[in-house]
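# Structure at a glance
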Amino acid sequence: MWKPPERIRYRTQPGEWPSAAVAGASKLFVPLDYQALSLSARTWVPAMVPWRATESGFVTPDNLDWYERFAYGQPGALVVEATGIRDTASGPLLRISDDRFIPGLQTLVERVRAASNGQTRLLIQLIDFLTVRRRPEPEKFFARHLKITDRHRDALQADDWSEDRIRKALTDLELEELKTILSPREFDSLCFGYRERITDTHMAHIADLPESLPTLFADAARRAQTAGFDGVELHYAHAYTMASFLSATNNRQDGYGGPIENRIRLPLEVYTAVRKVVGKNFVVGCRFLTEDCIENGSSTDDSSFFAQQFATAGMDFVSTSRGGKFDDAKQPIIGDAVYPYTGPSGYECIPGYLSDAFGPFGRNFAATAKVRTAIRSIGFDTPVVVTGGIHDFQQAQTLLESGTADVIGLARHDWFFKLRTGRGDEIRVCEYTNYCEGLDRKHKQVTCQLWDRTDLDEPGITRSRDNRRRLVAPQWQSD
Ligand SMILES: Cc1cc2nc3c(=O)[nH]c(=O)nc-3n(C[C@H](O)[C@H](O)[C@H](O)COP(=O)(O)O)c2cc1C
Ligand code: SF4
């Protein structure tokens, strides 16, 4: 994971925790009603992939235990991890790409309803992503993957060479030379692994995305509704397909790239298709970026416009994030795939305790406030969810009272519950070490260092594949 060069060390200092009376009377626990979204509290657990599904995308008992544990904390809303809408293999990531996934998801809904006592609205995040391959061995890349073109023949003055001879010659060259012979895209595939972009419109399936995605998202949303979810969060953030359409880097020439009105066209068409299928009583919103945090990426001027368009189209909420792009990700080692949270934009998305003068907390607050102001300025009350580095009560309260956001997102278990019951001093505050993100990067079952080695001998608990960690936090028992 990239860290700001200043390497200033920050510690979470949550300050005074409120009494149950003060917490209970605070804005955090004031219900929220807007269109289809009705929350018992303004508290929200954002989507977080825990890598617990089967290799073919089905819900497992570990998924059920994971979400049930979050539900005991009774957040106003809980968003199930990014779930794939395409029926293609994608490792132990949940899928909703066919009706065969509905029964497992239905069980998940039932477990969350029971554990939260019906207090928690359950959404599922719907994601589309393009192909990303592992960084290849150079020999393999030249022998199998690279398509030999006139560019290579010209550079090597190899008009009459066989393809095999050209491949062999390229394998023997140093990177510096290869940089001048390969196209920038080929060089990128060699160094980072092959990765599709939404701008690869020479490929039919990429050119057809505006044709295919509305139906894929709408079918997935229909399945979520059948499974009993309260709604869906369209994943328009980070490194994935829909965020790439919104990004200022999108220069597609087919009316879906370039000017900002074109870049938002597909996200709006997807929303319209989803809404048409699920009706107005089912929650539909999106997670999107206030800023891409990459060179030539979208800024808050873009995201303010997007937010206004989403609100006008009728979304029930918008949830903000920032960064998390492939564009500036670290080069993976051979055999690994590039991971979008390893560069400066990744740091903006999931900041850690080693930071710059600004620090890791609240890097998205000002941008989120701007987006919310833009929505209010055109007369919409669409709730805005803010997440990222929130860990103390005052901070959360100030965000709500200052009009930065309407709902507070925190990817933690019992924070809200302990706070509301006046037991804030029993909260084990996140240390922002990004241990959990490190596990995510390796596609290992995600756990938290604050609890994953606690009471490992407890009867009936499930352990990680390496047998060293428990997969679910111990039940909180107040003294
Ligand atoms: C392990 C892990 C998995 C995540 N998975 C998702 C995801 O599926 N979808 C998403 O929008 N954000 C995802 N995020 C980002 C979080 O939702 C959240 O924005 C981020 O952790 C910052 O919030 P925090 O400071 O409360 O942790 C993930 C973060 C982590 C650490
Ligand atoms: S492992 Fe736990 S303490 Fe560390 S960053 Fe993740 S949630 Fe916070």
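Below: a short report on this structure. (Residues numbered from 1 in each chain as written. Chains lettered and ligands numbered in written order. Predicted model: local features only at pLDDT ≥ 70, side-chain atom pairs only at ≥ 80, totals over all residues.)

## A word on the overall build of the chain
From N to C terminus, the chain includes 19 helices and 12 strands. At 23 Å, the chain has a C-alpha radius of gyration in line with the 23 Å of a compact globule built from 479 residues. Overall, the chain is about 85 × 55 × 50 Å in size when its C-alpha atoms are taken along their principal axes. Taking as baseline every contact in the chain between residues at least 6 positions apart, the subset at least 24 positions apart corresponds to 73%. (Helix = DSSP H or I, 4+ residues; strand = E, 2+ residues; numbered from the N terminus. Rg over C-alpha atoms; globule rule 2.2 N^0.38 Å. Contact = placed C-beta atoms within 7 Å.)

## Thoughts on the environment of H391
If you trace the backbone, H391 turns up in the loop between β11 (384-387) and α17 (393-401). A count of 19 C-beta atoms within 10 Å places H391 in the partly exposed class. Look past the residues within four positions of H391 in its chain and what remains in contact with it is T12, P14, V429 and C430. (Buried ≥ 20, exposed ≤ 12 C-beta atoms within 10 Å, placed from the backbone.)

## Some words on the packing of helix α10 (residues 209-227) against helix α13 (residues 265-278)
Describing two packed helices takes the angle between their axes plus the distance from one axis to the other. Between α10 and α13, the least distance of the axes is 8 Å, while the angle of their chain directions is 35 degrees. α10 and α13 meet at a crossing whose hand is right-handed. Within the contact between the two elements, α10 uses P210, L213, P214, T215, F217, A218, A221, R222 and Q225 and α13 uses L266, E269, V270, A273, V274, K276, V277 and V278. The class makeup of the residues in the contact of α10 with α13 is 12 nonpolar, two polar and three charged. (Axes fitted to C-alpha atoms, helices over the stretch in contact; angles between N-to-C directions. Left-handed = near helix turned anticlockwise from the far one by under 90°. Nonpolar A, V, L, I, M, F, W, Y, C, P; charged D, E, K, R; others polar.)

## With respect to the site of ligand 1
In the vicinity of ligand 1 lie 21 residues, with P46, A47, M48, A82 and D440 positioned nearest. Elements with a contribution of two residues or more to the shell around ligand 1: β5 (77-84) and α19 (435-441). In terms of residue count, α19 provides more of the shell around ligand 1 than any other element does, three residues in total. Considering only residue class, the shell around ligand 1 consists of 11 nonpolar, six polar and four charged. (Near = placed C-beta within 6 Å.)

## A few points about the site of ligand 2
Taken together, C430, E431, Y432, T433, N434, Y435, C436, C448, Q449 and L450 are the residues near ligand 2. Residue composition of the shell around ligand 2, grouped by class: six nonpolar, three polar and one charged.

## A look at unusual backbone geometry
Positive phi is not limited to glycine here, since Q74 has a value of about 50 degrees. Along the chain, Q74 falls in the loop between α2 (61-72) and β5. Judged by the 20 C-beta atoms lying within 10 Å of it, Q74 is buried. One non-glycine residue, C293, lies in the positive phi region at around 60 degrees.

## Describing the sheet that holds strand β9 (residues 317-321)
Strand order in the closed barrel formed by eight strands is β4-β5-β6-β7-β8-β9-β11-β12, and the pairing between neighbours is parallel. Within this sheet the neighbouring strands show an average axis-to-axis angle of 25 degrees, counted without direction. Bridging between β9 and β11 involves two bridges; their strand directions are parallel. Counted as the bridge partner of S319 is V385 from β11. Contacts between α10 and the sheet are confined to β6 (121-127) and β7 (231-236), with β6 contributing the most and set at about 155 degrees to the helix. (Pairing = 2+ DSSP bridges.)

## Things to note about the nonpolar core
In this structure, L126, F217, V232, L234, V274 and I408 are the most contacted members of the largest nonpolar core, which totals 104 residues. For this core, the element with the highest residue contribution is α10, accounting for eight residues. Sequence-distant contacts of L126, defined by excluding residues within four places in its chain, comprise T83, I85, I96, F217, A220, A221, V232, L234 and H235. With six residues, the next largest nonpolar core counts F142, L146, L182 and L190 among its residues. (Core = buried A, V, L, I, M, F, W, Y, C linked by C-beta atoms within 7 Å.)

## A few points about the environment of L456
Within the secondary structure, L456 sits in the segment after α19. Judged by local crowding, L456 falls into the exposed class, with 12 C-beta atoms found within 10 Å. Between the C-alpha atom of L456 and that of P474, which follows or precedes it by 18 residues, the distance is 9.5 Å.

## Things to note about the pairing of β7
Of all the six residues making up β7, six are buried; the element is thus mostly covered by neighbouring parts of the structure. Of the two faces of β7, the one lined by G231, E233 and H235 and the one lined by V232, L234 and Y236 are each fully buried. One ladder, built from four bridges, connects β6 with β7; its direction is parallel. Bridged to L123 within β7 is G231. Where β7 lies against strand β8 (residues 283-289), six bridges are found, and the strand directions are parallel. When the sheet's bridge partners are listed, H235 is paired in β8 with R287.

## Some words on the environment of N281
As for its placement among the helices and strands, N281 is situated in the loop between α13 and β8. With 11 C-beta atoms counted inside 10 Å, the residue N281 sits in the exposed group. When the C-alpha atoms of N281 and D230 are compared, they prove to be 8.9 Å apart, with 51 residues separating the residues in sequence.

## Some points on helix α3 (residues 102-115)
With 14 residues, α3 extends 20 Å between its outermost C-alpha atoms, agreeing within 8% with the 20 Å of an ideal straight helix rising 1.5 Å per residue. Regarding α3, the residues found buried are G104, L105, L108, R111, V112 and A115. Considered in projection along α3, the buried side chains sweep an arc of 115 degrees and stay on one side of the axis. Opposite the buried face of α3, by more than 90 degrees, sit the exposed residues P103 and A114. On its buried face, α3 is in contact with α2, β5, β6 and α10. Immediately downstream of α3, the backbone of N117 shows phi near 60 degrees, a positive value. (Expected span 1.5 Å × (residues − 1). Arc of directions from axis to C-beta.)

## Some points on the packing of helix α4 (residues 138-145) against helix α6 (residues 163-171)
Where α4 contacts α6, the axes come no closer than 9 Å and their chain directions differ by 160 degrees. With respect to α6, the axis of α4 lies roughly antiparallel. In this structure, the crossing between α4 and α6 has a hand that is right-handed. When α4 is examined against α6, the residues P138, E139, F142 and A143 are found in contact with a partner set consisting of R167, L170 and T171. Looking at the contact of α4 with α6 residue by residue, the classes come out as four nonpolar, one polar and two charged. (Parallel < 35°, antiparallel > 145°, perpendicular 65-115°, else oblique.)

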